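Structural overview for review
Residues per chain, in single letters:
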Amino acid sequence: MMAALSRLASRGIDWRRLRHRIGASPVTVTGLVMLGIVVFCVGLLPNLLAQDPNVINLRARLAAPSWSHLFGTDEVGRDIFIRVLHGGQVSIGVALFVVAVSASVGTVIGGLSGLLGGMVDTAIMRLMDVVLAVPSLVLTMALAAALGPSLTNAVIAIAVVRVPTYVRLSRGQTLVVREAGYVMAARVFGARPLQILRLHVVPNILSPVVVQATLDVGAVILMVAGLSFIGLGAQPPAAEWGAMVSAGRSFILDQWWYSAFPGLAILFTSIAFNLLGDGIRDLTDPRQKGRS
Amino acid sequence: MSIVGMLRRRLLFLVLVVFGVTLITFAVSHLIPGDPARLLAGDRASDELVAHMRLKLGLDRPLYVQYARYMAGLLQGDLGTSIRTGRPVAEDIVAYFPATLELVLTALTMAVLVGVPLGVASAVWRNGWIDQIARTFAAIGISTPAFWLGLLLLVLFYGWLGWFPGGGRLPTGMAPPPPVTGMYVLDAVLNLEWGTARAALRHLVLPAVCLGFVHVGVIARQIRSAMLDQLSEDYIRTARAAGLSRSRVILGHALPNAAIPSVTVLGLAFGDLLYGAVLTETIFAWPGMGAYVVNSIQALDFPAVMGFTVVVSMAYVLVNLAVDVTYMLLDPRIKEVG
């Protein structure tokens, strides 16, 4: 996947033109800037500050936001700002992992399904139809509940339910690519389906998959947080955004900051990914130019 | 394809969906090491009692026998017995369903009432300030964690301002109206109990806003895009040239045509609303199916969770089928594809 991506990137992209087009799209720029802030806060800041998110300080229990504790403290005096930074590594890391896994698996299954056609294709697509016909969030919740409450199980449940979207997307794209001359030629020369998939199909269907994946990251962050909120994801005392909002629930009326700031972090990050995804879609889809 | 043909095919698909959903969740649930029999019997129960419970629940049978039993029950409307409440799951769901329906319908109505005008305005004044606001609003809407929004609404409107109650469906001590539909506001109005209706409505506001908020943006975006398609059509220019006023053309001609494709979005939103209700009901202590399923999850009450999933999935497929049928009836040009 990475190799294909870099090959795609090196295939003579006109960087100046791209920069100009991104610059002309305020949505993309806003998304990029917001994402930059997130990457700085979650990726770099925890290392620069070098503070343990789990240090207990009972003298500073439930302190309101101040200069010494930007986002206040929780019921055992842990600094919420530091915990939000560290929690981001969990929440965003998990979301990126889920999206990467489901996009890769879905692309391979969808690509093969489209290439092979026939009975295999029909069987795979009917199965996907069934999964897609069920409200995805409810199915994810049921699966996570069935697997038992833990972050790992939540990740598995979300990834499984998100696969069909990518299968359908990449199959549709593959059906188009399949008819191209170079794929026919590769077939005539006896290339195996997996080879054709890797060399000819995946590089050509990657861009809609990447758009979908970018848009998905925001949704998955919300999903992970939601599952953690109802007790099916990260377990306390883990610093994860949804679990933190949930932990602050009992204090919400008097210590609003406990839940408010982790939630704000979810909102901010999710907006960043959604704007970026929208922007990329506009850039890659000429039909959408000037539309939503 | 005729409507009858489509109905037949889609109902068959419904059977497939129920089969698929139960099979997946059933298989997964039996991979976990948790022992419902021990949970039900309690921590300090003797081994004999646990064994007896296991026998009673049929957990000693092979997995496929358990599944076959479950499906046989399902065909007769039996969703098994809840481990937590000890009552049949189907009864529990019927009892909790009206509260959820009331919440979901109110949220959807509010989202449509705000989302449609917003979408129309942003298509008419495309790229103007109202369009920018609507689009920002949509982006924020789909990115907002509903459970967090609910908590903020509680802090602001219950904790600080005191405008709305903090949870439940009615004030403690107030008797619910005589049940007709199970939806308190409607029942109270039908029984002319205005005081109860007002109280129930006040309790409904915050949860419905919390649940509907996300969908305002989704609906506005859909309407905007459909309106833009319509506004560029020839008949709009013709109507304008014939001397009809701009507002008449927009509201009388373009909007009805734009609304047709948007109906399908409502059907799809229904699934998200049901999940959203799970989170919202938990926060606002709203005694519906969502709160029921969260309590069941925390009690490892698997029959209840599975019953909820099956019922919700069926409802979702049926609602979308109804939407598609409406869609075909509204627009005779449409033949079902795929």
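Residues numbered from 1 in each chain as written. Chains lettered and ligands numbered in written order. Predicted model: local features only at pLDDT ≥ 70, side-chain atom pairs only at ≥ 80, totals over all residues. Heavy atoms only, no water.

Structural notes on the interface of chain B and chain A
Stated precisely, the cut-off is as follows: What makes two residues a contact is simply this: any of their non-hydrogen atoms within 4.5 Å. What counts as buried area is the accessible surface, traced by a 1.4 Å probe, that two parts surrender upon association, with contributions from both included. When a carboxyl oxygen of Asp or Glu lies within 4 Å of a side-chain nitrogen of Lys or Arg, that pair is called a salt bridge.
Listed by partner, the interface residues are 51 residues for chain B and 44 residues for chain A. Around 4,100 Å² of area is buried between chain B and chain A when both sides are counted, 77% of it from carbon and sulfur atoms. The largest contributions to the chain B side of the interface with chain A come from Phe147, Trp148 and Tyr275 of chain B, which together make up 17% of the buried area. The interface formed by chain B and chain A holds one salt bridge in total.

Some details on the pattern of salt bridges
Residue and element names in this part refer to chain A. Quick note on the threshold: Helix numbers and strand numbers start at the N terminus; a helix is a DSSP run of H or I with at least 4 residues, a strand a run of E with at least 2. Exposed residues in this analysis have more than 50% of their type's maximum accessible area, buried residues have under 20%, and partly exposed residues fall in between, with area computed by a 1.4 Å probe over protein chains only.
This model, assessed by the stated rule, comprises eleven salt bridges over all chains. When the shortest N-O distance is used, the salt bridge between Arg168 and Asp129 registers 2.9 Å. Within this pair, whereas Arg168 is found in helix 7 (residues 151–178), its partner Asp129 is found in helix 5 (residues 118–133), the two being separated by 39 residues in sequence. Judged by its relative accessible area of 16%, Asp129 falls in the buried class.

What about the environment of Trp148 of chain B?
Selection criterion: Counted as a polar contact is a pair of N or O atoms within 3.5 Å, where, for protein atoms, one must be capable of donating a hydrogen and the other of accepting one, and residues adjacent in sequence contribute only when both atoms are in side chains.
Relative to the elements of secondary structure, Trp148 of chain B occurs in helix 7 (residues 146–160). At a separation of 3.4 Å, a polar atom in the side chain of Trp148 of chain B contacts the main-chain carbonyl oxygen of Ser259 of chain A.

Digging into the confidence of the model for chain B
Residue and element names in this part refer to chain B. Filter applied, for reference: For every residue, the predictor reports its confidence as pLDDT, a number between 0 and 100.
Per-residue confidence for chain B averages 82 on the pLDDT scale, and 92% of its residues sit at or above 70. Within chain B, the element-level pLDDT minimum falls on helix 2 (residues 36–41), averaging 64, and the maximum on helix 5 (residues 89–124), averaging 90. Here the predicted complex scores 0.83 on pTM and 0.81 on ipTM.

A short note on the side chain of Thr282 of chain B
One can find Thr282 of chain B in helix 11 (residues 246–283). Among residues more than four places away in sequence, those in contact with Thr282 of chain B are Ile230 and Arg249 of chain A together with Val294 of chain B.

Let's talk about the confidence of the model for chain A
Residue and element names in this part refer to chain A. Residue-level pLDDT values for chain A average 82, and 92% of them are 70 or greater. Of all helices and strands in chain A, the one with the weakest mean pLDDT is helix 1 (residues 2–10) (55), whereas helix 4 (residues 80–116) scores best (90). Note that pLDDT drops below 50 for residues 288–292; the model gives that stretch twelve contacts with residues more than four away or on any other chain.

Things to note about the packing of aromatic side chains
The condition that has to hold: Here is the rule: rings of Phe, Tyr and Trp (six-membered ring for Trp) pair when centre to centre is within 6.5 Å. Planes less than 30 degrees apart are stacked, more than 60 are edge-to-face, and the remainder are tilted. Charge-over-ring placement is defined geometrically: NZ (Lys) or CZ (Arg) within 6 Å of the ring centre, and within 35 degrees of the ring normal.
Per the counting criterion, the structure on display carries twelve aromatic pairs over all chains. When the centroid spacing of 5.9 Å and the interplanar angle of 45 degrees are considered together, the rings of Trp256 of chain A and Phe261 of chain A count as tilted. For Trp256 of chain A, a relative accessible area of 30% translates into the label partly exposed. Note on Phe261 of chain A: relative accessible area 16%, which makes it buried. A centroid spacing of 6.3 Å and a plane angle of 65 degrees characterise the contact between Phe157 of chain B and Phe164 of chain B, whose relative ring orientation is edge-to-face. Here the aromatic residues Phe71, Phe81, Trp256, Trp257 and Phe261 of chain A together with Trp160 of chain B are joined through ring pairs into a cluster of three or more. If you follow Arg169 of chain B out to its NZ or CZ, it ends over the ring of Tyr184 of chain B, 3.6 Å from the centre.

Let's talk about a nonpolar patch on the surface
All names here are of chain A. We apply this condition: For patch detection, residues must exceed 30% relative accessible area and be free of salt bridges, and they are connected within 9 Å for like charges or within 5 Å for nonpolar side chains (Val, Leu, Ile, Met, Phe, Trp, Tyr). Methods summary: accessible areas were calculated by the Shrake-Rupley approach with a probe of 1.4 Å, and residue burial reflects only the protein chains presented.
Where nonpolar side chains cluster on the molecular surface, the patch consists of Val29, Val33, Ile37 and Phe268 and spans about 300 Å² of accessible area. Per-element accounting of the nonpolar patch gives the leading share, three residues, to helix 3 (residues 26–49). One can find Val33 in helix 3.

Let's talk about the environment of Leu139 of chain A
Residues and elements named next belong to chain A. Position of Leu139 relative to the elements: it lies in helix 6 (residues 136–147). Judged by relative accessible area, which is 3%, Leu139 ranks as buried. Measuring from C-alpha to C-alpha, the distance between Leu139 and Pro26 comes to 36 Å, with 113 residues separating the pair along the chain. The contact partners of Leu139, leaving out residues within four places of it in the chain, are Val131, Val134 and Val161.

A closer look at unusual backbone geometry
All names here are of chain B. We note that Leu192 has phi near 60 degrees; this positive angle belongs to a residue other than glycine. With respect to the secondary-structure elements, Leu192 resides in the loop between helix 8 (184–190) and helix 9 (194–231). On the basis of relative accessible area, Leu192 is assigned to the exposed category, the value being 58%. Even without being glycine, Ala285 reaches a positive phi, approximately 50 degrees. With respect to the secondary-structure elements, Ala285 resides in the loop between helix 11 and helix 12 (289–298).

Examining helix 7 of chain A
One turn of the α-helix equals 3.6 residues, which is why residues spaced by three or four share an orientation. Heads up, the rule is: For a helix, the expected span equals 1.5 Å multiplied by the residue count minus one. Note on bend: at a given residue it equals the angle between the axes fitted to the 7 residues ending there and to the 7 starting there.
If you check helix 7 of chain A, its first and last C-alpha atoms are 39 Å apart, about what 28 residues at 1.5 Å a residue would give, namely 40 Å. A bend of about 25 degrees at Arg162 of chain A is the largest found in helix 7 of chain A, and the proline Pro164 of chain A appears one to four places after it.

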